[in-house]
Amino acid sequence: MTIEAAIRPDWIAVDWGTSHCRAWAMTANGSHLAHARSDRGMGTLTRDDYPQALLDLVGPWLSDRPLRAMVCGMAGSRQGWVEAPYTAVPCRPDSLTTVPAPFADPRLTVTVIGGVRQNKPADVMRGEETQIAGFLHKNPAFDGVLCLPGTHSKWAQVSAGEIVSFRTFMTGELFGLLSKNSVLRHSMGKGWDDEAFRTALSEAISRPESVAHRLFALRAESLLSDLAPATARARLSGLLIGMELAAARPYWLGQQVAVIGSEAPAKQYETALMEQGLTPIHTDGDAMTLAGLFAAYQNQKATA
């Protein structure tokens, strides 16, 4: 990690996940001057560890001028730094509840952004609401559905600047578990087979009830027909994403859809949606996170 000591931001943006923490030195108009990252995510910290972990990451950016750090993600969870409460849908993602986090160093005031909840059917998000806020900050007239691929992918219906409803799928976590911890791990390899992905995607969307059978067939074909590891990996991804799209059909069918995420997972979801006749909008996940944190920072300044 390299940080320029001469950098003097107007505020600091922080995305604190389960396994990593990322911080950006920000200007008053929302541009970033520098970026820092550590592997001290929520899963490695006790509540008392957070102040020092943040100071280790952003300390070189601090000076005598007090700054505010806006924090989103798992630092606001029940197991995190301070529990930032959920706001029930429908709600505006740029005006959620925020809470101060204890931080003894007077050079920095830390504010943690709360998450979003849905009571029926029960669902929660923490971190994705900031990306949604960033997307709506840049696209205020958008009316449709946002797809946020990840370990727990989200589909969120947004209208009139609000999150109306959402649904979570553990697709990314299932892929990790099956590819690394199940019998299928012996069939997986690097590389990619786009045609295999598309075929498996179509199979899962048309017959999601057969996915469990088709998963084991990956192992059987590896043993009996020397199925290529790259093909097996692509088919596993296609089956799981196809199963997700089958269940999320009410969200994307006939809707304007935007995908928010990093390049590799976003591309898979865009391909899947295009196979269904949609033309999804692609936006970068980090850019939307920063835009959402900037919107929260502006709200804090306006109410201070």
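These lines cover the structure that appears in this document, whether it is placed above or below. (Residues numbered from 1 in each chain as written. Predicted model: local features only at pLDDT ≥ 70, side-chain atom pairs only at ≥ 80, totals over all residues. Heavy atoms only, no water.)

### Considerations on unusual backbone geometry
Here is step 1 of the chain: Residues Val-89 and Pro-90 are joined by a peptide bond in cis, for which omega reads -5°.
Here is step 2 of the chain: For Pro-90, the position within the fold is in the loop between β5 (87-88) and β6 (98-101).
Here is step 3 of the chain: Cis geometry is adopted by the peptide bond preceding Pro-121, which originates at Lys-120 and carries an omega value of -10°.
Here is step 4 of the chain: As for its position among the elements, Pro-121 is in the loop between β8 (116-118) and β9 (123-125).
Here is step 5 of the chain: Positioned with a positive phi, Ala-160 is a non-glycine residue whose angle comes to about 55°.
Here is step 6 of the chain: For Asp-226, which is not glycine, the phi torsion reads 55° and is therefore positive.
Here is step 7 of the chain: The residue Asp-226 is located in the loop between α5 (211-225) and α6 (229-247) in this model. (Helix = DSSP H or I, 4+ residues; strand = E, 2+ residues; numbered from the N terminus.)

### Some thoughts on a nonpolar patch on the surface
Here is step 1 of the chain: There is a patch of nonpolar side chains on the surface, built from Met-170, Leu-174 and Leu-177 and spanning about 260 Å² of accessible area.
Here is step 2 of the chain: Tracing the backbone shows Leu-174 in helix α3 (residues 171-181). (Patch = residues over 30% accessible without salt bridge, like charges linked within 9 Å, V, L, I, M, F, W, Y side chains within 5 Å. Areas by Shrake-Rupley, 256 points an atom, 1.4 Å probe, with all protein chains shown as cover. Salt bridge = Lys/Arg side-chain N within 4 Å of Asp/Glu carboxyl O.)

### Examining the environment of Gly-30
Here is step 1 of the chain: Considering the arrangement of structural elements, one finds Gly-30 in the loop between β2 (21-26) and β3 (32-38).
Here is step 2 of the chain: In this structure, the C-alpha to C-alpha distance between Gly-30 and Glu-203, residues 173 residues apart in sequence, is 44 Å.

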